[in-house]
Every structure is written in C-alpha cells, then in structure tokens.
Protein chains: 4
Amino acid sequence: MWRMQMRRQRIGRRCQRLRQQLQQHGRAWLEQLQQRRAWRVDCARPRHSHSPDGSFHQAVAPVLVLAQCFSLMPVRGVRAASAQGLYFSRHSWRTWYSLAYICCTSVDTLFTINLAVHGTLDVRSVEPIVFHGSILWGSYHFLQLARRWPALMRRWAHVEQQLPGYENWRQREHLTRRIHSVSLALLTLSLMEHLLSILSAVYHDYCPMRKDPIESYLYADAQQLFYVFPYSNWLGWLGKIQNVMLTFGWNYIDLFVIIVGMGLSELLARLKHQLQHLVERPMPELFWTYVRTRYRSIVELIYDVDEAVSGIMLISFGSNLYFVCLQLLKSINKMPSIVHAVYFYFSLSFLIGRSLSVLLFVSSVHDRAREPLRLLQLVPPGGYHGEVSRLASELSSDNVALSGLRFFSITRKLCLAVAGSIVTYELVLIQFHEDEKSWDCVAQPPLH
Amino acid sequence: MWRMQMRRQRIGRRCQRLRQQLQQHGRAWLEQLQQRRAWRVDCARPRHSHSPDGSFHQAVAPVLVLAQCFSLMPVRGVRAASAQGLYFSRHSWRTWYSLAYICCTSVDTLFTINLAVHGTLDVRSVEPIVFHGSILWGSYHFLQLARRWPALMRRWAHVEQQLPGYENWRQREHLTRRIHSVSLALLTLSLMEHLLSILSAVYHDYCPMRKDPIESYLYADAQQLFYVFPYSNWLGWLGKIQNVMLTFGWNYIDLFVIIVGMGLSELLARLKHQLQHLVERPMPELFWTYVRTRYRSIVELIYDVDEAVSGIMLISFGSNLYFVCLQLLKSINKMPSIVHAVYFYFSLSFLIGRSLSVLLFVSSVHDRAREPLRLLQLVPPGGYHGEVSRLASELSSDNVALSGLRFFSITRKLCLAVAGSIVTYELVLIQFHEDEKSWDCVAQPPLH
Amino acid sequence: MWRMQMRRQRIGRRCQRLRQQLQQHGRAWLEQLQQRRAWRVDCARPRHSHSPDGSFHQAVAPVLVLAQCFSLMPVRGVRAASAQGLYFSRHSWRTWYSLAYICCTSVDTLFTINLAVHGTLDVRSVEPIVFHGSILWGSYHFLQLARRWPALMRRWAHVEQQLPGYENWRQREHLTRRIHSVSLALLTLSLMEHLLSILSAVYHDYCPMRKDPIESYLYADAQQLFYVFPYSNWLGWLGKIQNVMLTFGWNYIDLFVIIVGMGLSELLARLKHQLQHLVERPMPELFWTYVRTRYRSIVELIYDVDEAVSGIMLISFGSNLYFVCLQLLKSINKMPSIVHAVYFYFSLSFLIGRSLSVLLFVSSVHDRAREPLRLLQLVPPGGYHGEVSRLASELSSDNVALSGLRFFSITRKLCLAVAGSIVTYELVLIQFHEDEKSWDCVAQPPLH
Amino acid sequence: MWRMQMRRQRIGRRCQRLRQQLQQHGRAWLEQLQQRRAWRVDCARPRHSHSPDGSFHQAVAPVLVLAQCFSLMPVRGVRAASAQGLYFSRHSWRTWYSLAYICCTSVDTLFTINLAVHGTLDVRSVEPIVFHGSILWGSYHFLQLARRWPALMRRWAHVEQQLPGYENWRQREHLTRRIHSVSLALLTLSLMEHLLSILSAVYHDYCPMRKDPIESYLYADAQQLFYVFPYSNWLGWLGKIQNVMLTFGWNYIDLFVIIVGMGLSELLARLKHQLQHLVERPMPELFWTYVRTRYRSIVELIYDVDEAVSGIMLISFGSNLYFVCLQLLKSINKMPSIVHAVYFYFSLSFLIGRSLSVLLFVSSVHDRAREPLRLLQLVPPGGYHGEVSRLASELSSDNVALSGLRFFSITRKLCLAVAGSIVTYELVLIQFHEDEKSWDCVAQPPLH
C-alpha cells in the first residue's frame, strides 16, 4: 500500500513536470504566433508574382473572368493581386454588358411565356419558363452581388490573414487547385452535354420543322421567337447565342455555389487542422481566446456570405429540384433513337450529379463548423478553462450553415428530404400519363 | 527576446488602462441609464400632442378604429393618449355591434351550409363554408381578445418604457410609419381585389341568373339566401353588405397578425440596437443583468401576446393554406374572358403575397429573438461575467416564436413545409379533374 | 454627483437588508417544509375516511373498478385506502376473468380474419380486423400493466408525498374532480354513440338479412360468427355482449391514456405552483436542491410510467389514426337516412374529439415539464446558485414526454403532423372511388 | 425550536461523516481501478483457451468466418486470439475469392439490366436490378471495410480494455451469446425462406417454361442468362449458385449491421452499468474524469465505426425500404396456390421483421448514448464537480448515432418516418393497378 502511494506520488510529480513543460510550450507557441502575425503585417511578403498566395480571391479569379465573358458578376479587378484591387462601378462596360444581357433575357422570357400560354399549361410545358425565369433571376442576383463583392472579399481576406499561415506550398495551393479542377470538370461536362444535345437534335430530328437540319434545329431552339416573327437565319443564330449564354448561366449558378461552399469549408478546415495538433495539450487560456475569436470571425463571415448569396442558393436548389423531377418524368418515355437515349441518360446523370455536388459541397460548411466541438471534448481537465467551456457552449448553440434565403439550412440531411420529395412527386406525376405527348410532334404548340 | 517581453508588458499595461477606462465608461453609462429612467418616471413628458410617442398603442390606433367600423375588436379608448385609457365594457355600443355582427354571420353561415349540403361536397364546394366559418371564428376571437386587450397593452407599454429611449424623432416614428404604410398597402390592394371581383362578375357574367346584371350579381353573391327566400332587391343588398364586411374581416385577420408581429419585432430590434454598440466593450455585470431582465420581459410579453392571439394566427394560416390550394387548383381552368383572367391572377398574386407577408412578418419575431445570441459571442473575455453566460444559455434553450395555438411555431422554415404541402396537395387534387365543372353553369346547385 | 453616490449607497444598503430578510424567509420556509414533511411521516393523518386525500391512487379507483367489470386491469385492492393495499395475484378471479376475455377475443378475431380473407381486402374491409386486433393487443397490455401497477402506484404515492402539501380542500380534490368528470363525459358520450349505432341499425336497416329487425341487427353485428355457424339467437346475443365489451375496451384505452396524462401533469403543476411564488426571491441553495430532486423524481416517474403504458399509447394513437381516416373516407358517401346521418356525424365528431383530447391531455405532460425552465429565468442574480444553473441546463437538455413505444414523443406539435398525414392519406384514398360499395348490400361478403 | 436546531446539527454532522466515508470509498475505488488496470496490462490473463474473453473480436469471429465462405470480408486472422492477429493482405486467397465474386456479380448485373431494358420499366421490373446492384455495392463496401477492419478492431479492443472488467462469467459471455443467437436465428430464418421459395417455385410452377420442373426452376432463376444464351443445365446450376450467394449476401448485410449495433451498444451498456452503482455517491472529481474519457473513447470509436460501415448501412436501409414497399404492393394480388400464399406471407413477415430488427438494434446505440445524461442528473450536489457539468453539457450537445452515409441518423424516431413513407408510397403505387400483370405469364419478358 505504501509502495503504491510512493509510486502515485512519483507519477503525480512527473505529471506536474509534464504539465509545466506543456504550458511553457503553449506560451512559446503563442509568442511565436504573435510574432508571425506581427511579421505578416510588417513586411511586404516578397513572393513570386505568379504563384498563388492561397487566398480565395486569387483562387476564384479565373472562374470570375469566365463568368464576365458571359456577362455575369460585373465587378472590376478580379485579377488584382489582392482583394484591395476589387471595386464595382456603374459605368464599367461590364455593368453595361450585364444590364444589356438582363434586358435581352427579360424580352426572351416574355416571348417564352407568350408561347407557353398559347399551348397547354402543365408541369412539362412550363419548363422553358422555369429555365428562363431562374436564369433571369440569377443574373439579377449576380448583378446585386457584384456590388457587395469587393467588401465581402476584403473581409474574407482579413479573416484568412488572421488564420495560422500555411506550412508548405502544397497546403497553400490546395484550395486553388481544388477550385480549378472542380470548375474545369463541371464546365467540361456541361459543354459535352450541350454538344450532345445539338448532336442529338440535328442528326436525329424526329419531327423536322424545316428542310435544312441546321435551320430546323435553330427553329426548334428559338421557337418562342418564331412563334411571333417569321423564320430568318440571323434571328435563329441570335436565339442560339442567347441559348448558349443561358445554358452557361444555368451551369454557372451551381458552380458558383459550389465554389463558395468550398472556400468557406477551407477556412474552417484550416482552423481545425491547427486545433487538432494542440487540443490534447493543456494550452493557456489566451490560446482558447485566440481560437474562439478566429472561429467567431469565420462564422460571422459565413453569415455575411450567406446573406449575399442565399438568393442564388435558392435559385440553384429550386431549379435543380424542378429539373430533376422533370427529367425523371421524361425517363419513362421511349427514346426515338440511340443517340437520343445516350444524350438523355448522360444529361440526366449530369443533372443529378451536379445537384448532388452542390448539396454535398455546400453542406460541408455545416459539417465542418460542428467539427471543433468534437475536438474540444478531448481537451484535458487541466486545460479546460472558462474560454473552452464558452467556446463549447457557443458551438453547440450555433447552427452555422449556408441557406436558401433562410427558408432552409443546407445540411446533409436536407438531401434525404429532397430525395423523399422527388420520389413522392414523381410517383404522383407519373399518374398523369405524360408518356404519350412528350416525343410527339403534334403536342408542340401550333406554328403559323 | 528581452525587448519582446518589454513590449508585451507595455501592451499589457496599455490594455489594462483601456479596460479601466471602458469599465468607467460602462458605469457612467449605467448611471446615465438609471437617471434617464428616473427622469422618465418623474416628469410628465411634455410633447406635442399629435406627434407619436413611438408606442405600439398609438401606432395601432387607426387600424383598430377601422376594425371597429367593421365591428371587430370592440375595445374602448383605442385613441387615448396612453394604454391607461383602454378598457373593455360589455355595455358599450361597440360590444353590441360586434355581437350583432357575430349573430348575423352565424345565421349566414347556416344558410351557406344548407346550400352546400344540397349540392355535391368536395374540396371546392366547401369554399363558402370555410370562408364564413373562419371569419365567424375570427370575429369571436377578436371579441375575446378585446377583453384582454387593455391589460395586454398596459403590459406592452410597461415593457416599452423600460427599454432605452429613442435617439431621434426618426426612430420614434419608425414603428408608426411602418404599421401605417403596411396597413394602407394591404387594405388598398384588398379593396382593388374586391372591386375587380365585382367588375369581372358584373360586366362578364358567364351564366346570368337574372336579366339585370346588378341583380344577377347580387343574386350570385347571396346565393345562400336566395336558395331559401325568393329574390328581392333589399335582401340582395343586405347580403352584399354582409359580404363586404366578411371580406374586410378576412383581410383584417391577416393584417392584425402582421401588425402584432411587427410590434414585437420592433421591441427586440430596439434591444438589439442598444446591445450592438456596447457588446464589444467590457461592460460591468450590472449592465448584463439589465439586458437580461429587459430581454426576459420582452419574451414574457411575447408569450402573453401569443396566448392571446394564437387562435387568430391559426385561423389566418389555416384559411390561407386552404385558399391558396383552392386558387391554384382553379388556375388550371380556362378563363371565360380576359377580365376574368386579369381578376383571377391579380387575386391569386394578392393571396399568395398576403400569406407570404404574414409568414415573414410573424416569423421575424423568432429570428430577432435569436439575434442577441450572436451578439453575445462577441463579448470580450474580460467582460464575460456569469450573467452573460446565463443570458447565453437562456437564449439558446428558449424557443421564442409566435404560434398557431401552440400546434406549430411560426418560423421562416415553416414556409418551406407549407410550400411542400401545397405542392403535394395540389398534385393530388389536380387528379380529380375538377376542370370541367368549375366555370360551368349547371354545376351550380339547382335553384327553386 | 455626490448626492447620486449617497443615494446609490442608501439603495445598496436597503437592497442588502431586503436580501437578508428574504434569505431568512427562505430558511424559515425550508425549516417549515422539513417540519411539515416530518409531521407527515410521523402522525397518522386523521381525516374523514370518505374524503379524498388528493392522491392519484384514490382518484383513479372508480375508473379502475369500472374497467375490472369489463375484465381489464385485473389488479387487486384498487379501492384500498393507500397504494400499499394494491397487489397482483395470478389466482385472483379478476385475472381469470381477464384471461378468459382475452381467449374469447382471440377466437373472435380469428373468425373476423376468416370473414375478411373471403371478401376483398382493402383499407375498409380490414376495419373489423383492426378493431378486434387493437383491442386484443390492448387487453394483453392491460394484463401486463396490472402486474406492474402496484409498484408503480407506490412509487407515484411516494413522489406525491414529497411534494408540498395542498393548501386547502379545493386543491386537494382538484385532481379527483377532474378525472371523474372527464371519465363521466367520455363514457357517457361513448354510450350515446353506441345506442345511436343500435338505433340507426335497427330502425333503419337498409339491407335486412333476417325478417325480424332485432335478429337482423344481431346477425349483422356478429357476422363473423354466422359466416361459420348457422344463425341462432343465443349466439347472436353472445356476439352482442362481446361487441359491447370490445366497444368499452376501445373507449377505455383512450380514457386510460387521458387519465395517466392528467395525473402526471398534475404532479408537475403542483411543483410549478410552489415555484411560482418563490422564484423571484433570492432563495438559499438548499431550496433549489430540494426543487431539483423533486423535479427529478417526477421525471423519473414519468419515464417509468411511459415504459409501462407506452404500448397502450401506441395502440391508442394508431387505432385513432386509422379510424379517423376511415370515417372521413366514409363521410363522402350519401347517407341512406336522416338517422344514419345523425349517427354518422355524431360518431365522427366523437371520434375526432376523443382523439384530439387524448393528444392534448397527454401532450400537456411535455408542456408542463418545460414550464419550470421559464420560471427559472426569473430568478434574481443574487439567488442564481450553481444548483439553479444545473437545474436549468438539465431542464433544457431533457426531452420529457410520454411516447408511443418511444417511436414518437407525444407533444402538441405531433398534432399537426398527424393532421397533415390524415389530409394526405385522405386525398389519396378518395381516389380509389370507394363511394359505390359502402352502403351497398352486395358488397357484403356472401353468406351461406 | 432549540431541539430542532440540535437535531439538525446532529444530522449535519452525520451527513458530513457519511460524505467523508463515501469520499474515502471513492478514492479506494479509484485505486482499485488503477490496480486492476495495471494488473490487466502486466499479467498474461491465464484463462481456458476456448472460453470467450468477452471481446467483440472473439464474439464476431464465427460470423465473419461464415461470411468468408460466401466471399465477403476477406480479412485474415478473424479466429486469432486477439485483434492483434488481424491483418489484410492483397495477396490472400480470400481477397482473390472476393474479387472474383465481385466480377461475376458485375457481369450478372449487366445481364440483368439487359433483360430489364428489353421489358417494361416500372417499380416492379427493376426488382432484380435493385437486388443485384445493392449486393454488388455491398460486396465492394465489404472489401473496402476488410482493409480497415484490423485497425478498427484493435481500437475497439483498446476501448474494451479500458472499461471496467466483468464481474462474472455470465457477464463476460453475454455479448458472445447474444451475437451468436441473433446470427443463428436470422440465418436459419433466411435459409427457411429460401427453401420455401424453391418449394413454392418447383412444386407449384404456375407458368412452366421447361417440361422438367427442376429445369424450369433453374430457367426462371437465371432468366437474365438464358435471355442471352440457350438453355443448358450447367449454366442453370451456375446461376443457382450465384443466386444462393447473392441471397446470403443480401441477408448478411443486415446481419452485419445488427451485430455492429449490438457490439457498440454493449460498450455503452457496460459503462452505464458501472455508473449506475456509483452515481448517487459523492465520487471524487478524478472518477468523473475517468468516466468522461471512457465515454469519449467509446463515442470516438462509434464515429470511426460509422465512417467505416455507413455505406453498408445506407444499402441495408435503402434496399429494405424498396423491398418492403414492393412486397406490400404484391400482397394485394391473388395467390395462385396455398403454398405460394404461405411462402409469400412468411417472406413478407421475415422481411419486415428483419428490417425492423436492423432499425431497433442499430438505433439502440443512440438510445444508450443518451442514457448517462439521465444518470448524471442523480449526482448529489456535493459531488457535482466541474467535470460532471462538462460531461453533462457534452452529452447533451452530442448527437451520437450510426448513420446512413451521414444522410440520416438511425434513431428510433426514424422508424415512424420510414413507416409513414411506406404507407404514402404504397397508397400511391397501388393506384397504378399493378395487380393484373404480376402472376401472369405473358407479363414476363419474351424469350427467344
């Protein structure tokens, strides 16, 4: 019994020594952190001009440039070295380009509505209206967002700078590489989908409206125009250009939402990465104040970003839900040719895959924001200061997530609710026996 | 290393000095607050008699006066200078007027049920019953509410007086202006909708029951009466007056719910506004006791108001859900004339817009009640007293929201659930093929 | 400024004195409480033998006696003066009576299944199977419950004794009076409903199977027997007795669930009543330990009761859901006579009213268990001990409610979910066009 | 009054003494615990080699061996004495066997898809595709799991060793016996179900495709092959073997999920069992640190296991949902013979029972993880250290449960949601009038 007591005393002393060492370690870490931060503010970060500095602003630049080619996000300075270079001007050609596009789309939407009300109205015939309407609304939201983008990016950059620095170039380029590869993949697939749609329409036209297949394709593509005006080639090509821009916009809404989700997740992942290494040591209270304020600044950024982009989120989710329902409904039809079947199933897979990606990338913000709570539970009793307890209770009462105009939070569980709704709606919709009219020429609105 | 330590000591000292200054500031602020409050109780607030003092009681007065013209809310003294002037009396002409109206509506409802049971019962033919029934129930609830209104308003005024004063006249008139403009907008639109309904019915009568268009309109409007009695002009006009009063009541239920939501949100917004400026400073604990008790008194007021008006909430939400479903169902019909189409789509938009406004205004109470939690997370470690922690845990365990008889809380997320239900019910209902009978004369119940 | 400081000091001193007085008050209260409790254990409570002592055991006694007449709940000593007198014996005539009833019902259920499988199986033809099956399962659960009842009631009595005593006879008789009046109302209405059903069947037999109306009624009532055996009067009367007992059991399941809900709510209400008066004073910590352990013992009792009765809850809710759906489905039929219509709508209203009562009474346990949390928020800062904080956090993490085999908690919000499901199922079911066969003689299974 | 005070002092002193004794007890307990753990690491646990040591690794061994016979879970050393003996090798025959099986199943799935696309596609004709696809996906997941299994089992064993030892052999063998009996029951029932399916198909072939009943059965069983190849006996038997393996895999997925759920529940139950005896005594803070870290290590294990098996969970729940819907849909059909009816209802009961078991066993992990929270509420005020409060707040903010790829948590409440969905889908599906084609020979895809 006595030996036991001796041993316990010895263990106790060893523990104390260890704790002291760890606390010294913690203090040293804190000093190091403050120095690094000080250094960061002081000196001018000399680095190769073309290598990315790991900021979201730089990572997202090429995607924004592409969007501007298609008249979305008319903000200036997206290729600037830092977020300080961003600004919005009403007199920029980008803004005028964007406004012109919105006007054209509005007119096109009116033509589309005109075409639809002269046919029969059901869940399928409103497809072009939903397509036009959602992109029109999206373009308007992007214009609004462009005005808030510079301030938002500066705030984002501020949050990024407060986080611990990257350990190596691989980490620094991680976000940039991810964003670029996802953008490339999604845009390539959407291009392929569009080309396949042209191919299947041109070479296997099941109810030709003009003799020339190209003309017939242009005719079908801009039906809403030729319902009002007589056919002319230049109007057909104009309609085609409009159609390409709309299709790009339709894909870009989802891409943008994915990228924002990735950027915010990355911030939380960086904080977690740092926490992971230190959480099991008895760190000083100041460290936890540091973590809490960092976490808080990220969460405040998420709330701000959500306020700015949740309109676009709502469009993205709403239109995806509608189009998945619609395409699944069409999938019960017989395909007129093998090219149509290939196009249709490729298109359906692409649509479902894109929708699922949006949901998973965006919901990862919610998942990552909960992760520190799990890490906090590993803090040893000796290092469980009031600040840790405060952080834990704040984390558990928070409900951090991007949202669709705050009508719904985007979490992984939403996926199941959406899937359940799709199955229900599908089962009910199939009962309308839409099969007959879909690949049928006479079901098209009459032409003059 | 030594210089570093020196610098850190210097920073430490500066921080301490700053903290002391801030604490002094906090104490001064608290004294100022107590003085202001004391002053408020002592002196008699000499102000121009016609300028609003920013109280909910004064802001809501014109709306209540209008309601009393249409026999709702028979409480006396709504135009009194303060809530002290309110009282309810059984022997007031307002009460008798209200009781008479309820009796008339009951009789009218019985006639309506009589008409419906002699026709076919389906989701569409019960429309007049639901319309009459919900307004009857609403009128009864308003009568009950009138008895509780004086005590409720006095409590409300008490809570208002405890909150920090307004900084300028713009803030003071903010609530009044908002309530008046929303009331004006909603009532104007409802008047337009009613006039359009008369226009479309009189000038484009698709199945005239009498030769004279006015007579035919009166006949159709009070069909439940003329199913029992032979046609006479004075009975027709009586039915029309009853119909106008019902229509006003139907709109007023929603308006009242919106106004209550706005008033409660305003209280929370005022507290938040004050908190926002002080939250990042290390305030003394007494300040947080002050904030907590203020917040608590607002929440208790919300609970009391909810108990008093949740019956009206339930009617409002239930009837809106039913009528939106029904109008959407009618929207698949062919319109007999362009005037009908204009009326129908205006009416549908008005109905959806009104329902959405109710939901958004009322749910803002829930959103605003959560906001202080986000602000508390910005409190610096030095000022994080036990009271702050208590307030934070109370805020996160509370679930403050107005409700429909406590069967459902009214939050922004409810909107999605309601929209999902509407789509589901709509898809199922459409399968009944209601199209044929709706604009069809013979579908009307036979007349003797 | 100096006068201000003086005044504040004076206020401070006055506050301190007040606090001391209140703390003395609190201590006195605590002593009083301990004395009262001591007194309670020591002396023999001399009271008029027939007056209720306010215990749940005594309040529920007449209802259990009635149940035993109909062979449910075979526990002995339900009329004993205290819960100590309760015991369960396998050799009691009550147990044998109950077992015999279960056997008879099992045989009757088999006959019913036999009848159903020879007809067409749909949502309507399984009605007798659901009716028999749910009561059979209920009877079995009551038999099981009888074994646990004595221990449960003793525990309940123990919890009751720990709560503060009643202040006057009105409070003491409150629970007893409520339980008796609810039981009386429900049983009277169910008797009326049964007599109306006989009346409508005998005097307005729309497809007589025998010449004599009484015989024809008995025939229809015990159709499952006469599908196998030839008709005989004594078998008819036996079937009728069985049917009366089943109908009583069907109503009793709901009544029992309501009574249990009322009893548990009353316990929480008593604790709240005491808390309400003391919560705004700075009570000593021991008081809060007292409140917390009392609250805890009630909650543990609720968990135990839930474990014992949640099987019966599930039957009650499941069968109510099914029968409400079914009756609503029948409501679209034309009634063959006015007596049928009266019976049908009375029966439907009774069913909906009974189901709603069950839900509201049982969900009040959940509501009342949350109420102390709201009261705790009024505790002044001076009296906010660690125990108060602990109680608050326990209350907010608890989710106290009765449940249906823990598959669902019974809260007020369940009501909306159930109502939504009923509307959905109803809309879908109506599409099966069940109208034709329901009041039709040939739709009955063929008889030999 | 004075005697009262004396008595209270005496009681106070007694209490203090009791508390000291209990604290000594607590310390002694802690020492004992440390010794026992030390002893456990030091000595070599001499025990009879065949008696189970109560570890999950040993309990699950026979089930894994059986799975390996059917080519699932190709991990080596499942029969080793401890988890240290487990390892995964790419060059093991088990891995090759598993890969070969996956290849075969892939080819078979392609044949099945080929068969289906040449028939009509509806909810029923995709049955073989769902069956093949889910098992293929499951097999792939098991292969992936085999790679992670050794590390996972070692971690599991580590957690088990940290928990308090068993008190007697009955406790030690408890888990083993439960796992073996559940496995035996489920596999026996599934074997019976399969034999009954053969019996009903061979002896009551309602639309024979070959003269010989055995041949006809083999033909029907491997229809997807004979749609491409001409009939031959050896191909028929090959198809039968494949079919048996698929059926085993289909049942094994559910069995595996049940066993994992049982194992994790057992860990939590052991911790709770220990806590139950000590929770009402004032234990030292170190005890609570011990409990908290033990609880934390179990929860971390649950998270890890969830990450490893949640893919299999998703397949299990998804396929069960689909097959229950499908079988219920088939249940409205007329059965061609009594043997078919017996088989069908046995199969349906087995399917529903198996699905329900999966849900209940797996959801018990969530229920058990909440249980300590209820126990913590019984901790006396004297022993309510900071660690207890921390554990309580961690428990209430955690949401520990196994999940289906984190799309849904598996709790008891999920059951109701699933049941509600099944009823809804069923009601909608029945409207497709699938009755005619199901037991009909011509509805089968044409054969060449």
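Because the structure is predicted, anything quoted here is derived from the model rather than measured.

Caption draft 1: Region of interest: the overall build of chain A. A count of helical and extended segments in chain A gives 13 helices and two strands. Accessible surface, chain A as shown: approximately 21,000 Å² in total, 61% of it carbon and sulfur.

Caption draft 2: Representation of the interface of chain B and chain A in the model. Counting residues at the interface gives 27 residues for chain B, matched by 24 residues for chain A. Taking both partners together, chain B and chain A bury about 2,300 Å²; carbon and sulfur atoms supply 55% of that area. Between the two partners, chain B and chain A, sit two salt bridges. A salt bridge links Asp367 of chain B to Arg406 of chain A; the shortest N-O distance between them is 3.0 Å. At the boundary of chain B with chain A, the tally comes to twelve residue pairs in polar contact (both at pLDDT 80 or more). Examining the composition of the side of chain B that touches chain A, we find that ten residues originate from one element, helix α12 (residues 412-430) of chain B, more than from any other.

Caption draft 3: Examining the interface of chain D and chain A more closely. With 24 residues of chain D at the contact, the number on the chain A side is 27 residues. Together chain D and chain A conceal approximately 2,400 Å² of surface at their shared face, both sides included; 55% is due to carbon and sulfur atoms. Looking only at chain D, the three residues that lose the most surface to chain A are Arg390, Phe407 and Tyr425 of chain D, adding up to 28% of its buried area. At the surface where chain D touches chain A, the tally comes to twelve residue pairs in polar contact (both at pLDDT 80 or more). Elements with a contribution of two residues or more to the side of chain D that touches chain A: α1 (2-42), α9 (285-330), α11 (386-397), β2 (408-409) and α12 (412-430) of chain D.

Caption draft 4: Summary view of the relation of the copies chain B and chain A. Overlaying chain B with chain A gives an RMSD of 0.0 Å, the required rotation being 90 degrees about an axis along which the chain moves by 0.0 Å. On the angle and the small slide along the axis, the relation comes out as a four-fold axis. Nearest to the rotation axis, the C-alpha of Val428 of chain B is located 4.9 Å from it, this being the minimum over chain B. Residue by residue, only 7% of the interface of chain B is reproduced at the interface of chain A, so the copies engage with different surfaces.

Caption draft 5: Local environment of the nonpolar core. Among the nonpolar cores identified, the biggest contains 406 residues, and Trp149 of chain A, Trp149 of chain B, Trp149 of chain C together with Trp149 of chain D are the most heavily contacted of them. Residue contacts for Trp149 of chain C: discarding those within four places in its chain leaves Phe56, Val60, Leu64, Met73, Val75, Leu86 and Phe256 of chain C.

Rules behind the numbers
- Residues numbered from 1 in each chain as written.
- Chains lettered and ligands numbered in written order.
- Predicted model: local features only at pLDDT ≥ 70, side-chain atom pairs only at ≥ 80, totals over all residues.
- Heavy atoms only, no water.
- Helix = DSSP H or I, 4+ residues; strand = E, 2+ residues; numbered from the N terminus.
- Areas by Shrake-Rupley, 256 points an atom, 1.4 Å probe, with all protein chains shown as cover.
- Contact = heavy atoms within 4.5 Å.
- Buried area = accessible area lost by both parts, 1.4 Å probe.
- Salt bridge = Lys/Arg side-chain N within 4 Å of Asp/Glu carboxyl O.
- Polar contact = N/O pair within 3.5 Å; in protein donor to acceptor, adjacent residues only side chain to side chain.
- Least-squares fit on C-alpha atoms with pLDDT ≥ 70 in both.
- Core = buried A, V, L, I, M, F, W, Y, C linked by side-chain atoms within 4.5 Å.
- Buried < 20%, exposed > 50% of the residue type's maximum accessible area, 1.4 Å probe, protein only.

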